Amino acid sequence: MLSERRLEVLRAIVQDYVGTEEPVGSKALTERHKLGVSPATVRNDMAVLEDEGFIAQPHTSAGRIPTDKGYRLFVDKLAGVKPLSSPERRAIQNFLDGAVDLDDVVGRTVRLLAQLTRQVAVVQYPSLTRSTVRHVELLSLAPARLMLVLITDTGRVEQRLVDCPAPFGETSLADLRARLNSRVVGRRFADVPQLVQDLPESFESEDRGTVSTVLSILLECLVEETEERLMIGGTSNLTRFGHDFPVMIRPVLEALEEQVVLLKLLGEAKDSGMTVRIGHENAHEGLNSTSVVAVGYGSGDEAVAKLGVVGPTRMDYPGTMGAVRAVARYVGQILAES
C-alpha cells in the first residue's frame, strides 16, 4: 500500500503530465504543488513509485511519466468526476433539444462528445433487444396491402409493407390495431412473440390469414433489428495527439474502423455504470496506447445502449468522465420525453 503522501505525489505527476505533455521532475513538482516536503523527499517517493511500476522514465529524460498502472490507480483512488459548469450543461441541453429524431439524437451526441472532450466519440444506437414497444400502427394502403409501423420507447421507428392474403377492411384493421397494442405496448421485445401467439384465433376465420401475416412481419422486424449499430465521430482529434502514440496512429484508426472492436470496447449495455479501460486493459492490440471512458444511457433506470470516448492514455480523466456522464444523462432524458 502506498502512503497518502506518495499517492499525492502520483496525483501531482498525472495532473502535470496531462496538462503539460512533458515528463515531470521532482523540482517542478515541489514548485507547482503544496506537497509539504523537500525535492529530495519527493525524489525518494518517485523512486518508490517507479519501483512499484506506477511511473516510468521515458528515454533519457530526467522526468517521469505515469504508466497504465499509475493511471489506473489515479482513476480508481485519486480522481473525482469533474462536474460540468452551468453554461456547459445549458449548451448540452440546447444542442440536444434541437434533435428531430433518433438518428439526429445520435448524430448530435457524437458531435457534442467529440467537441467537449476533444477525443473520438462513439455512440451505440439503442438496442431493440432491450427496448419496449411504444406503439404499433397499421395503415391501409390498398384493399390487400398494409403498412406496419413499429415505434419503440427509445424513439426508434421501423416500417414494413405487408401483403395480405385477402382484402382486409377498415373495421378489421382498427380491431387488429387495438388488440395488438393492448397486448404489446410497454412490453419488452423479447416478450412479444408469446404475447401475440394466440391472437389470430380471436378473429373471424376469413381474417386469420392476414392477422398471422401481420404478426409474422412484426416478429421478423424485431429479429432483424437486433443488430447493433454505432456512430463514431471526432477521429481527426487523434491527430492532435500524434506524439502520444508510441509507433503510429494508423493501428488506432484501423481498430476504430472495426464495429466489433468498438462494441467490445463499450462493453455490455446492461453494465450501465462508468467504465474506464486504460492502455493494455484494452484487448485489441491497436488500442493498447488508448483509454476508453464509457457509460450506459437509457430512457429510464435501465441502460439501452452505451456511449463513450477513445483517446490517448494521457487523458484528462476527471473532465472526460464528467462530460461522458453528463451527456449520457441528457440523452436519457430526451429518449424518455420523446
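Check the entry above for the structure.
Quick summary incoming for the structure in this document. (Residues numbered from 1 in each chain as written. Predicted model: local features only at pLDDT ≥ 70, side-chain atom pairs only at ≥ 80, totals over all residues. Heavy atoms only, no water.)

## A few points about the overall build of the protein chain
Working step 1: Across its full length, the protein chain carries 12 helices and 10 strands.
Working step 2: For the protein chain, with 338 residues in total, the buried portion stands at 49%.
Working step 3: Across the protein chain, every contact between residues at least 6 apart in sequence was considered, and the portion connecting residues at least 24 apart equals 60%.
Working step 4: Total accessible area computed for the protein chain in this model is approximately 16,200 Å², and 50% of it derives from carbon and sulfur atoms.
Working step 5: Across the protein chain, 38 positive and 46 negative side-chain charges occur, with their mean positions spaced 8 Å apart. (Helix = DSSP H or I, 4+ residues; strand = E, 2+ residues; numbered from the N terminus. Buried < 20%, exposed > 50% of the residue type's maximum accessible area, 1.4 Å probe, protein only. Contact = heavy atoms within 4.5 Å. Areas by Shrake-Rupley, 256 points an atom, 1.4 Å probe, with all protein chains shown as cover. Lys, Arg positive; Asp, Glu negative; His and termini not counted. Charge placed at Lys NZ, Arg CZ, Asp CG, Glu CD.)

## Here's the deal with helix α1 (residues 4-20)
Working step 1: Here α1 is 17 residues long and its end C-alpha atoms lie 24 Å apart, about the 24 Å a rise of 1.5 Å per residue gives.
Working step 2: Glu 21 occupies a position one or two residues after α1 and carries a positive phi of about 70 degrees. (Expected span 1.5 Å × (residues − 1).)

## Quick notes on the packing of aromatic side chains
One pair of aromatic rings is described through two measures. These are the centre distance and the angle between the planes.
Working step 1: The final tally for this structure, using the stated rule, is one aromatic pair.
Working step 2: Between Tyr 71 and Tyr 317, the aromatic rings sit 5.6 Å apart at their centres with planes inclined by 50 degrees, giving tilted as the arrangement. Taken as a pair, Tyr 71 in helix α4 (residues 68-78) and Tyr 317 in helix α12 (residues 317-337) lie far apart in primary sequence, 246 residues in all. Note on accessibility: Tyr 71 and Tyr 317 belong to one class, buried.
Working step 3: In this structure, Arg 108 is placed above the aromatic ring of Phe 95, and the distance from its NZ or CZ to the ring centre is 5.3 Å.
Working step 4: A cation over a ring is seen here: Arg 179 above Phe 203, with NZ or CZ 4.0 Å from the ring centre. (Phe/Tyr/Trp six-rings, centres within 6.5 Å; stacked < 30°, edge-to-face > 60°. Lys NZ or Arg CZ within 6 Å of the ring centre and 35° of its normal.)

## Some remarks on the sheet that holds strand β5 (residues 145-152)
Working step 1: Taken in spatial order, the three strands make up an open sheet running β4-β5-β6, and their pairing is antiparallel. At either end of the open sheet lies a strand with only one pairing partner, and these are β4 (133-142) and β6 (157-163). Ignoring strand direction, the axes of neighbouring strands in this sheet form an average angle of 20 degrees.
Working step 2: In this structure, β5 lies alongside β6, joined through seven bridges in antiparallel fashion. In the strand pairing of β6, Leu 150 is matched with Glu 158.
Working step 3: With respect to the sheet, helix α7 (residues 170-184) is in contact with β4 and β5, its orientation differing from that of β4 by roughly 165 degrees. (Pairing = 2+ DSSP bridges. Axes fitted to C-alpha atoms, helices over the stretch in contact; angles between N-to-C directions.)

## Structural notes on the sheet that holds strand β10 (residues 305-312)
Working step 1: Reading across from one edge, β7-β3-β10-β9-β8 is the order of the five strands in this open sheet, with antiparallel pairing throughout. One side of each edge strand has no neighbouring strand; the edge strands of this open sheet are β7 (230-233) and β8 (275-278). Pairs of neighbouring strands in the sheet enclose a mean axial angle of 15 degrees, with direction left out of account.
Working step 2: As paired elements, strand β9 (residues 290-297) and β10 share eight bridges and run antiparallel to each other. The partner of Val 295 across the bridge, within β10, is Leu 307.
Working step 3: Against the sheet, helix α11 (residues 259-266) makes contact with β3 (120-124), β7, β8, β9 and β10, and its axis sits at roughly 90 degrees relative to β7, the strand it touches most.

## Some points on the packing of α1 against helix α3 (residues 39-51)
Working step 1: Orientation of α1 relative to α3, taken along the N-to-C sense of each, is 85 degrees, at an axis distance of 10 Å. When the interaxial angle is binned, α1 and α3 end up roughly perpendicular. Contacts from Arg 5, Arg 6, Val 9, Leu 10 and Ile 13 in α1 reach Thr 41, Val 42, Asn 44, Asp 45, Met 46, Val 48 and Leu 49 in α3.
Working step 2: Grouping the amino acids of the contact of α1 with α3 by side-chain chemistry returns seven nonpolar, two polar and three charged. (Parallel < 35°, antiparallel > 145°, perpendicular 65-115°, else oblique. Nonpolar A, V, L, I, M, F, W, Y, C, P; charged D, E, K, R; others polar.)

## A word on the pairing of β5
Working step 1: Burial analysis of β5 places six of its eight residues in the buried class, which makes it a mostly covered element.
Working step 2: Relative to β5, β4 runs antiparallel, the two sharing eight bridges. Looking at β5, one finds that Ala 142 is bridged to Arg 145.
Working step 3: Adjacent in sequence and paired antiparallel, β4 and β5 are bridged by two residues.
Working step 4: Here β5 folds back onto β6, and the loop between the two strands holds four residues, one of which, Gly 155, carries a positive phi near 90 degrees.

## A few points about a nonpolar patch on the surface
Working step 1: Judged by side-chain polarity, Leu 139, Leu 141 and Leu 161 come together as a nonpolar surface patch covering roughly 260 Å² of accessible area.
Working step 2: Locating Leu 139 in the fold gives a position in strand β4. (Patch = residues over 30% accessible without salt bridge, like charges linked within 9 Å, V, L, I, M, F, W, Y side chains within 5 Å. Salt bridge = Lys/Arg side-chain N within 4 Å of Asp/Glu carboxyl O.)

## With respect to helix α6 (residues 102-117)
Working step 1: In this model α6 runs 22 Å from its N-terminal to its C-terminal C-alpha over 16 residues, within 8% of the 22 Å that 1.5 Å per residue would give.
Working step 2: Of all 16 residues that make up α6, 12 are buried, and the element is covered over most of its length.
Working step 3: Residues Leu 102, Asp 104, Val 105, Val 106, Gly 107, Arg 108, Thr 109, Val 110, Leu 112, Leu 113, Ala 114 and Thr 117 constitute the buried set of α6.
Working step 4: Here α6 starts with a cap whose side-chain oxygen sits 3.3 Å from the backbone nitrogen of Asp 103, and that cap is Asp 101. (Polar contact = N/O pair within 3.5 Å; in protein donor to acceptor, adjacent residues only side chain to side chain.)

## Quick word on the environment of Gln 259
Working step 1: Take Gln 259: it is sitting in helix α11.
Working step 2: Through-space distance from the C-alpha of Gln 259 to that of Glu 137 is 32 Å; in sequence the pair is 122 residues apart.
Working step 3: Residue contacts for Gln 259: discarding those within four places in its chain leaves Glu 228, Arg 229 and Leu 230.

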